[in-house]
Amino acid sequence: MRSAMPAMRAERLCPEAVFVPPDFPRYRAVSRLVREIFRRHTDLIEPLSLDEAYLDVTENKMGLPTATRVARAIREQIRQELDLTASAGVAPNKFLAKLASDWRKPDGLFVIQPDEVDAFLAPLPVGRVPGVGRVTEAKLEKLGIQTVGDLRAKEASMLEGRFGRHGLRLYELARGIDHSEVVPDRPTQSISAEDTFERDVLLTETEPVIRRLAEKTWSASRNESRIARTVVLKLKTSEFDILTRSHTPVSPLSSCEELTNIALSLRQRVGLGPKQRFRLVGVGLSNFCAPEQMPVQSMLFNKP
């Protein structure tokens, strides 16, 4: 994954551009309509975001003979009923399906058959593998690994020694192996908002953005019935290293102001020196639980 271009930089590069404010209520409404189309074909739906989801159509409700036929039917229904385009990737597992779905955006269908996996993966830049960011990509390049084919040539023991458990995951993905299942109705794990600065900034300069991101995160959390217990501050340094700091207050957050204050206070725990610069900041909420699962606080009173 790569960070999106900051809006300020986009405006500077293209001053004639028209910036349209987002309409998230409308996005959520349309997303629900798309999910209804998905459910005509399968109940095994794992949403990733408002506009992306995994579907397991090994057995589909319409009785279509192949996953490719299912994908075509879904795309056609979305086009006819919602007047929207949709991209689809068809593959033997989630890892490959994600790669396939990105292959012919914004309005395409790409299929990776089981016997095509090796030929498809081998020439890809290793940066296309999920979890390989700029830092990991640079480390792999120092080992002579630039493509997935190069990665596949390495022993599992070597990759584990260099990257730990993530090295074993890379070993499997290079071979198209992914055993993760499609998990429907996955509970919310986190809600966050982040932004990339037009230029790298000092930690002391991040307050205005943190306040804005806290407002976005708090607004998004109001649509979640479960309660977030932990505030997370995410930072990416000018060297592309990512670090997070978190805090779980005794009582659930009661306001955006409280969220903002905690996020700002977490900067004091960064500890990288006053001259360190950052290119990205994010504010998030995690550790969600149902209201009835919140710890009960007891107070004892003595009568006067």
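Residues numbered from 1 in each chain as written. Predicted model: local features only at pLDDT ≥ 70, side-chain atom pairs only at ≥ 80, totals over all residues. Heavy atoms only, no water.

(A) Quick peek at the overall build of the protein. Assigned secondary structure in the protein consists of 11 helices and 8 strands. Across its three principal directions, the C-alpha atoms of the protein cover 75 × 50 × 50 Å. Looking at the protein as a whole, 36% of its 304 residues are labelled buried. If you take every contact in the protein between residues at least 6 apart in sequence, the share linking residues at least 24 apart comes to 60%. Per element, the accessible surface of the protein, about 18,800 Å² overall, is 51% carbon and sulfur. Positive and negative side-chain charges of the protein, numbering 45 and 40 respectively, have mean locations separated by a distance of 4 Å. (Helix = DSSP H or I, 4+ residues; strand = E, 2+ residues; numbered from the N terminus. Buried < 20%, exposed > 50% of the residue type's maximum accessible area, 1.4 Å probe, protein only. Contact = heavy atoms within 4.5 Å. Areas by Shrake-Rupley, 256 points an atom, 1.4 Å probe, with all protein chains shown as cover. Lys, Arg positive; Asp, Glu negative; His and termini not counted. Charge placed at Lys NZ, Arg CZ, Asp CG, Glu CD.)

(B) Here's a closer look at the pattern of salt bridges. For the structure on display, the rule yields 15 salt bridges. Where Arg212 meets Asp195, a salt bridge forms, and the shortest distance between an N and an O atom there is 2.8 Å. Here the residue Arg212 occupies a position in helix 10 (residues 207-221), and Asp195 occupies one in strand 5 (residues 190-202), the gap between them amounting to 17 residues. On the accessibility criterion, Arg212 (37% relative accessible area) is partly exposed. On the basis of relative accessibility, which here comes to 23%, the residue Asp195 falls in the partly exposed class. (Salt bridge = Lys/Arg side-chain N within 4 Å of Asp/Glu carboxyl O.)

(C) Region of the structure containing a nonpolar patch on the surface. Among the surface-exposed residues, Phe24, Tyr27 and Leu50 lie close enough to one another that they form a single nonpolar patch of about 270 Å² accessible area. Within the secondary structure layout, Tyr27 lies in helix 2 (residues 24-39). The class of Tyr27 is partly exposed, set by a relative accessible area of 38%. (Patch = residues over 30% accessible without salt bridge, like charges linked within 9 Å, V, L, I, M, F, W, Y side chains within 5 Å.)

(D) Structural detail: the pairing of strand 6 (residues 227-237). The buried fraction of strand 6 is high, at 8 of 11 residues. Of the pairings in the sheet, the one linking strand 6 to strand 8 (residues 277-289) comprises 10 bridges and is antiparallel in character. By the bridge assignment, Lys234 is partnered in strand 8 with Gly282. Hairpin connection of strand 6 to strand 7 (residues 242-247): 4 residues between the antiparallel strands, including Phe240 at a positive phi of 70°. (Pairing = 2+ DSSP bridges.)

(E) Molecular detail of the environment of Lys236. When you line up the elements, Lys236 lands in strand 6. For Lys236 and Thr196, which are 40 residues apart along the polypeptide, the C-alpha to C-alpha distance reads 8.9 Å.

(F) Molecular detail of the packing of aromatic side chains. Applying the stated criterion across every chain yields a total of 3 aromatic pairs. Ring centres of Trp103 and Phe120 lie 4.9 Å apart, and the angle between their planes is 65°; on these two criteria the pair is classed as edge-to-face. Of this pair, Trp103 sits in the loop between helix 4 (94-101) and strand 4 (109-111) while Phe120 sits in helix 5 (residues 117-121); the two residues are 17 residues apart in sequence, bridging distant segments of the chain. Judged by its relative accessible area of 35%, Trp103 falls in the partly exposed class. Seen in terms of ring centroids, Phe110 and Phe120 are 5.7 Å apart; in terms of plane orientation they differ by 40°. Their pairing is tilted. (Phe/Tyr/Trp six-rings, centres within 6.5 Å; stacked < 30°, edge-to-face > 60°.)

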